[in-house]
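# Notes for the structure review
The residues making up each chain are set out below.
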There are 2 protein chains.
Amino acid sequence: MSRVHIVVHLKEGVRDPAGEAVQHVLRDMGFLVEHLRIGRHITLDVDSAAGDDAARLGREMAERLLANPVMEQFSVEVRS
Amino acid sequence: MSRVHIVVHLKEGVRDPAGEAVQHVLRDMGFLVEHLRIGRHITLDVDSAAGDDAARLGREMAERLLANPVMEQFSVEVRS
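Criteria and thresholds
Residues numbered from 1 in each chain as written. Chains lettered and ligands numbered in written order. Predicted model: local features only at pLDDT ≥ 70, side-chain atom pairs only at ≥ 80, totals over all residues. Heavy atoms only, no water. Contact = heavy atoms within 4.5 Å. Buried area = accessible area lost by both parts, 1.4 Å probe. Salt bridge = Lys/Arg side-chain N within 4 Å of Asp/Glu carboxyl O. Polar contact = N/O pair within 3.5 Å; in protein donor to acceptor, adjacent residues only side chain to side chain. Helix = DSSP H or I, 4+ residues; strand = E, 2+ residues; numbered from the N terminus. Pairing = 2+ DSSP bridges. Least-squares fit on C-alpha atoms with pLDDT ≥ 70 in both. Buried < 20%, exposed > 50% of the residue type's maximum accessible area, 1.4 Å probe, protein only. Expected span 1.5 Å × (residues − 1). Arc of directions from axis to C-beta. Core = buried A, V, L, I, M, F, W, Y, C linked by side-chain atoms within 4.5 Å. 1 Å grid on protein atoms, 1.4 Å probe; cavity = no way out; pocket = protein on both sides within 12 Å on 5 of 7 lines; lining within 4 Å. Points joined across faces, edges and corners; volume = space filled by probe spheres on them. Nonpolar A, V, L, I, M, F, W, Y, C, P; charged D, E, K, R; others polar.

We now examine the interface of chain A and chain B. Listed by partner, the interface residues are 31 residues for chain A and 31 residues for chain B. Taking both sides of the interface into account, the surface hidden between chain A and chain B amounts to around 2,500 Å²; carbon and sulfur atoms contribute 68%. Three residues, F31, H41 and L65 of chain A, lead the burial of chain A against chain B; their summed loss comes to 21% of the area buried on that side. Linking chain A to chain B there are zero salt bridges. Linking chain A to chain B there are eleven residue pairs in polar contact (both at pLDDT 80 or more). If you tally residues by element for the side of chain A that touches chain B, the top one is strand β2 (residues 33-46) of chain A, at 14 residues. For β2 of chain A and strand β2 (residues 33-46) of chain B, the ladder comprises eleven bridges, and the chain directions are antiparallel. Across the sheet, the residue bridging to H41 of chain A is G39 of chain B, located in β2 of chain B.

Rotating chain A by 180° and translating it 0.0 Å along the rotation axis places it on chain B, where the RMSD comes to 0.0 Å. Considering both components of the superposition, the chain copies are consistent with a two-fold axis. Take the interface residues of chain A: 100% of them recur as interface residues in chain B, which is what a same-surface contact looks like.

Here we come to unusual backbone geometry. All names here are of chain A. One non-glycine residue, H35, lies in the positive phi region at around 55°. In this structure, H35 sits in strand β2. For H35, a relative accessible area of 46% gives the class partly exposed.

All names here are of chain A. For helix α1 (residues 17-28), which comprises twelve residues, the first-to-last C-alpha distance of 17 Å matches the rise-based estimate of 16 Å (1.5 Å per residue) to within 8%. Every buried residue of α1 is listed here: G19, Q23 and L26. Seen end-on, α1 carries its buried residues on one side only, within an arc spanning 60°. What points out from α1, more than 90 degrees from its buried face, is the exposed set P17, H24 and D28.

Inspection of the secondary structure puts D45 of chain A in strand β2. Here the side chain of D45 of chain A touches R3 of chain A through a polar contact of 2.7 Å, side chain to side chain. Leaving out residues up to four positions away in the same chain, D45 of chain A has contacts with M1, S2 and R3 of chain A together with L32, V33, E34 and H35 of chain B.

With that out of the way, let us pick up the nonpolar core. If you look at the biggest cluster of nonpolar residues, it comprises 16 residues, and the most contacted ones within it are I6, L44 and M61 of chain A together with L26 of chain B. Within the residue set of this core, elements represented by two or more residues are β1 (2-10), β2 and α2 (51-66) of chain A together with α1 (17-28) and β2 of chain B. The element contributing the most residues to this core is α2 of chain A, with four residues. Once residues within four sequence positions are removed from consideration, I6 of chain A is found in contact with R40, H41, I42, L44, G58, A62, L66, S75 and V76 of chain A. If you look at the next biggest cluster of nonpolar residues, it comprises 15 residues, including I6, V8, V46 and M61 of chain B.

Before going further, it helps to spend a moment on the layout of surface pockets. The calculated volume of the largest pocket comes to roughly 970 Å³. If you go around the largest pocket, you meet 38 residues; those closest to its centre are H5, V7 and H41 of chain A together with V7 and H41 of chain B. Only β1, β2 and β3 (72-79) of chain A together with β1 (2-10), α1, β2 and β3 (72-79) of chain B provide two or more residues apiece to the lining of the largest pocket. Class assignment of the residues belonging to the lining of the largest pocket gives a composition of nine nonpolar, 15 polar and 14 charged.

Below, the structure is given as structure tokens:
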């Protein structure tokens, strides 16, 4: 069983109003943060002998369902 | 400038209906996944000389604003 992490974020040029709102609040609280973006972090288990297979499955799931290729980009990481 | 990643997930015992729905669809598509959970992945930059400071700030922001301590748990990672 491999644990797959798929992180989906809006692409660089796409505005993230929720992230901007949170950044604004943090700055009001005194945290001098910049470039705050909010994405989705999906974790799941797949029954896969090799880590490579799990990564390939993760990319396929992201491409076919979990990410919107027009506005979003994703990364996949496998931890056995 | 340090890049801080804050990942917020529902605690183990808390149901994740959105994650269950996505897992159901993936299984219908033929992906035999289990334990799928959907969390938030927040990235931000802080102006911090030492990585330790950035991690401490990340934890403070998560505790005070980004995570709900009743239902959620978080992890913080710093990549300079």
